[in-house]
Amino acid sequence: MNKPYDVLVVGELNVDLILNQVDKFPEIGKEVLADNMTLTMGSSSAIFASNLSTVGSRVAFIGRLGHDNFGDHILASLQSRGVDTTHILRSTAYNTGATIVLNFGEDRAMVTYPGAMKHLTLQDITPGVLQKARHLHLSSVFLQSGLQQDIVALFKGAKDAGLTTSLDPQWDPAERWDIDLPQLLPHVDVFMPNINELKAFTSKDDLTAALDAIKSFARNVVVKHGSDGAYLWNGRELLHQPAFLNKDVVDSIGAGDSFDSGFIHKFISGAGDQACLEFGALTGAINTTRPGGTGAFESLALVKTIAATSFNYSF
Ligand SMILES: Nc1ncnc2c1ncn2[C@@H]1O[C@H](COP(=O)(O)OP(=O)(O)OP(=O)(O)O)[C@@H](O)[C@H]1O
Ligand SMILES: [Mg+2]
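Rules used throughout
- Residues numbered from 1 in each chain as written.
- Chains lettered and ligands numbered in written order.
- Predicted model: local features only at pLDDT ≥ 70, side-chain atom pairs only at ≥ 80, totals over all residues.
- Heavy atoms only, no water.
- Near = heavy atom within 4 Å.
- Polar contact = N/O pair within 3.5 Å; in protein donor to acceptor, adjacent residues only side chain to side chain.
- Areas by Shrake-Rupley, 256 points an atom, 1.4 Å probe, with all protein chains shown as cover.
- 1 Å grid on protein atoms, 1.4 Å probe; cavity = no way out; pocket = protein on both sides within 12 Å on 5 of 7 lines; lining within 4 Å.
- Sits in = over half its atoms within 2 Å of the grid points.
- Pairing = 2+ DSSP bridges.
- Helix = DSSP H or I, 4+ residues; strand = E, 2+ residues; numbered from the N terminus.
- Axes fitted to C-alpha atoms, helices over the stretch in contact; angles between N-to-C directions.
- Contact = heavy atoms within 4.5 Å.
- Buried < 20%, exposed > 50% of the residue type's maximum accessible area, 1.4 Å probe, protein only.
- Arc of directions from axis to C-beta.
- Salt bridge = Lys/Arg side-chain N within 4 Å of Asp/Glu carboxyl O.

K.L.:
So what's going on with the site of ligand 1? Which residues, and what values?
P.N.:
In the vicinity of ligand 1 lie 21 residues, with Arg108, Asn194, Gly226, Gly229 and Phe244 positioned nearest. At 2.8 Å, a side-chain N or O of Asn194 approaches an oxygen atom of ligand 1. In the model, an oxygen atom of ligand 1 is placed 2.9 Å from a nitrogen or oxygen of the Gly256 main chain. Its free accessible area being 620 Å², ligand 1 has 90% of it covered by the protein chains. With respect to the pocket detection grid, ligand 1 is positioned in the largest pocket.

K.L.:
Tell me what's going on with the sheet that holds strand β3 (residues 34–41), and back it up with residues and numbers.
P.N.:
On the basis of which strands lie adjacent, the open sheet formed by four strands has the order β3-β2-β7-β8 and mixed pairing. The open sheet terminates on both sides in strands that have one partner only, identified here as β3 and β8 (107–113). Taken over all neighbouring pairs, the strand axes of this sheet differ in orientation by 15° on average, direction set aside. Both strand β2 (residues 14–22) and strand β7 (residues 97–104) contribute to a ladder of six bridges, which runs parallel. Bridge pairing in β7 links Ile18 to Val101. Sheet strands touched by helix α2 (residues 69–80): β2, β3 and β7. Its angle to β3, the strand with the most contacts, is close to 70°.

K.L.:
Tell me what's going on with helix α7 (residues 195–202), and back it up with residues and numbers.
P.N.:
Restricting attention to buried positions, one finds in α7 the residues Ile195, Glu197, Leu198, Phe201 and Thr202. Angular distribution of buried residues about the axis of α7 spans 165°; they occupy a single face of the element. Against the buried residues of α7 lie β10 (164–168), α6 (181–184), β11 (190–191), α8 (207–214) and β12 (220–224). Regarding α7, its N-cap is Asn194, as a side-chain oxygen of that residue lies 3.1 Å from the backbone nitrogen of Asn196 further along.

K.L.:
Mind laying out the environment of Phe263, listing which residues take part and the relevant values?
P.N.:
Looking at the secondary structure, you find Phe263 in helix α9 (residues 255–267). Of the residues examined, Phe263 reaches a relative accessible area of 2% and is grouped as buried. Leave out the neighbours within four places in its chain, and Phe263 touches Val190, Met192, Val222, Leu232, Cys276, Leu277 and Gly280.

K.L.:
Break down the environment of Leu302 for me, with residues and values.
P.N.:
The topology assignment puts Leu302 in helix α11 (residues 300–311). Sequence spacing of Leu302 and Ile286 is 16 residues, and the spatial spacing of their C-alpha atoms is 10.0 Å. In contact with Leu302, not counting residues within four places along its chain, are Arg290, Gly295 and Ala296.

K.L.:
Go over the pattern of salt bridges with me, naming the residues and quoting the values.
P.N.:
Enumeration according to the criterion identifies twelve salt bridges in this entry. Between Arg58 and Asp6 there is a salt bridge, with its nearest N and O atoms 2.8 Å apart. Residue Arg58 is found in the loop between α1 (44–54) and β4 (59–62), and its partner Asp6 is found in strand β1 (residues 5–10); the two are separated by 52 residues along the sequence. On the basis of relative accessible area, Arg58 is assigned to the partly exposed category, the value being 37%. Between Arg134 and Asp6 there is a salt bridge, with its nearest N and O atoms 2.9 Å apart. Of this pair, Arg134 sits in strand β9 (residues 133–139) while Asp6 sits in strand β1, and the two are 128 residues apart along the sequence. Residue class for Arg134 comes out partly exposed when judged on its relative accessible area of 36%. Using a relative accessible area of 9% as the deciding quantity, one classes Asp6 as buried.

Here it is in structure tokens:
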């Protein structure tokens, strides 16, 4: 059957107010200055969806926004990158979420107001919508408390409906990591934490021990490791993909989401493990060449130009 969407992204939506070149960490009762500020569409899921659309997949989004200017800004941003927003819901009771980001070199401090994104529930993701897509991706489950307790049902439902699936859990701000991985991961074709998230989930100190703790019930596990690149456990062997070296990192906001978009773009086209890893590492590195998570992904032509000029890579 010919489905209208390659990937249905279920996720959180918020704006990022990014402050760069901040003098020093602020203290209560004092004021510090930033030399540069940008307002952009934030949220892991939206960055993933936008960049996945830019590199050529047909993407639809399900999430919740408020009825406010930030919500309008996000809708317009997603639409400008070709993401189908038909299934995005607007809440009258809650404002659109927002994250204030303070950038200090490659590190950052963030404060998030979740707002409407906390109120997306399993009932919002109807079987009819699932049927329209070939693949389901969920990100930032811990920011979506309305969905968190139903995550196994969501992924099982997607698999039963014939979709392939991926999950980038992102950090748990409460650090409870309260998800039943043995129940969930059999329904997740590609589990995509970063190394710190995987260690926290499994209470292990290193990659090998953390993978050993989930191997018996996981399918593919991609572990992102910043400028050390990424690993893939595919059920048989552990593959490593070095990062594409970027000596002039602007910021790394969304590098993990851009990695995910490159990896999943290849995964749903049936590419092999190493090709998925390599394209993920490329899109992750491209992300770091422009501000925010989507700055480098304005168009496929720009992505290709950055790939060629900054990383000597053509596709
Ligand atoms: N400074 C960098 N230079 C080149 N590539 C990078 C850099 N930082 C990240 N990447 C690429 O992007 C991938 C994902 O980045 P990272 O490990 O930071 O993910 P993450 O922690 O999930 O990020 P996020 O904070 O966006 O969720 C890395 O595996 C690497 O391939
Ligand atoms: Mg991440």
